[in-house]
Amino acid sequence: MRDDVAELSMPEGPVIATVDALVEGVHFFPDDPLDTVARKLVRANVSDIIAKGARPLEALLTLGWPDDGPEEDLARFAVAFGDELASWGIRLIGGDTTASPQGLFLSLTLTGQCGPGGAIRRSGVKESDLLWVTGEIGAACLGYRALQSGRVDDPYVASYREPQLAPIAITGLLRDCATGSMDVSDGLLGDARMLAEASGLSVAVDLGAVPYAGIVSRLEERLALASWGDDYQVLFAAPESATPRILDYAEAGAMKVTRIGSFASGAGLAAFMDGARVNLPETLGFEHV
């Protein structure tokens, strides 16, 4: 339960499964376009699968549709959902539909095919490993703020509605180099602490090295963006000796990867800025009920 996926025993090799739900008013705004909701649903699950070094395979959808939802909206959702699945090579194999009196509810179960070594767990990180992250952190937070303020044309709105994942090529990098990995869905700092805890280690994060979306200078803003979530990037650990290979993979796959910290013995999370230790907020990310 600590890895967001379950592992299935299959003759052709390890298969993992994950499930994520999206709830209207919690994970998306009621007036968000339904095509963007469909894509976000798929990508939230794909991020769990590729962060384990696996390739997505098959999906099951549970759809709770509002009683007063227009048929044309359902059609729009279905087209976008099918297109997004196809873009990742995913086959829809079943699911369930029901009426929902409390707004749109969606749940997707997704399987993924691992490499010969199986899923890359959170618990494999070693002392002195380095901490890396793909992409940028904070774009979804900026988009959410823009929507709250009525700035629907802000460029970061798209990042909140349709998260941009690491390319599928990240799975090769992880299989070859990573000792532990997970996706960044609940906040970079909280997820980094979770990765360290799973391996019985402590982790130090350099806030100055984190690749933030936009121009971020104030420490308070760095902490806010690193604690918000919905980034759906890949957070992974690797030995320092793997650094040249990581950079080669990144160049070959047109991936952005950034070293942002390191692991050590002990427990807990420490954050630094310009070499000085930073006082952390009490909440480091989204806390599940």
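Let me sum up the structure you'll find in this document.

Quick notes on the rules
Residues numbered from 1 in each chain as written. Predicted model: local features only at pLDDT ≥ 70, side-chain atom pairs only at ≥ 80, totals over all residues. Heavy atoms only, no water. Pairing = 2+ DSSP bridges. Helix = DSSP H or I, 4+ residues; strand = E, 2+ residues; numbered from the N terminus. Axes fitted to C-alpha atoms, helices over the stretch in contact; angles between N-to-C directions. Contact = heavy atoms within 4.5 Å. Buried < 20%, exposed > 50% of the residue type's maximum accessible area, 1.4 Å probe, protein only. Salt bridge = Lys/Arg side-chain N within 4 Å of Asp/Glu carboxyl O.

1. Remarks on the sheet that holds strand S8 (residues 202–206)
Here is step 1: Overall, mixed pairing links the seven strands, which are arranged S7-S9-S6-S10-S8-S11-S12 in an open sheet. A single partner strand is all that each edge strand has here, and the edge strands are strand S7 (180–184) and strand S12 (276–278). Between one strand and the next, the sheet's axes are offset by a mean angle of 30°, whatever the strand orientation.
Here is step 2: As paired elements, S7 and strand S9 (residues 233–238) share five bridges and run antiparallel to each other. Across the sheet, residue aspartate 183 finds its bridge partner in S9, namely valine 234.
Here is step 3: Against the sheet, helix H5 (residues 170–177) touches strand S6 (130–134), S7, S9 and strand S10 (257–264), its axis set at about 20° to S9.

2. Observations concerning the pairing of S9
Here is step 1: Counting buried positions over the six residues of S9 gives six, a clear majority of the element.
Here is step 2: Here S9 shows a buried face lined by Gln233, Leu235 and Ala237 and a second buried face lined by Val234, Phe236 and Ala238.
Here is step 3: Summarising the sheet, S6 and S9 pair through four bridges and their orientation is antiparallel. The residue bridging leucine 131 from the neighbouring strand is alanine 237, located in S9.

3. A short note on unusual backbone geometry
Here is step 1: A positive phi angle, close to 80°, is found at serine 128, a residue other than glycine.
Here is step 2: Secondary-structure assignment places serine 128 in the loop between strand S5 (105–113) and S6.

4. Brief notes about the pattern of salt bridges
Here is step 1: Going through the model one piece at a time under the given rule, you end up with twelve salt bridges.
Here is step 2: In this structure, arginine 161 and aspartate 32 form a salt bridge, with 2.9 Å as the shortest nitrogen-oxygen distance. Placement of the pair is arginine 161 in helix H4 (residues 157–161) and aspartate 32 in the loop between strand S2 (15–23) and helix H1 (34–50), with a sequence separation of 129 residues.
Here is step 3: By sharing partners, the salt bridges in this structure join Asp35, Arg39 and Glu162 into a single network.

5. Looking at the pairing of S10
Along any regular strand, the residues point their side chains to alternate faces of the sheet.
Here is step 1: Where S6 and S10 come together, five bridges link them in antiparallel fashion. Bridge pairing links tryptophan 132 to arginine 259 in S10.
Here is step 2: As defined by bridge partners, S8 adjoins S10 across four bridges and the pair is classed as antiparallel. Its bridge partner lying in S10, alanine 204 is registered against serine 262.

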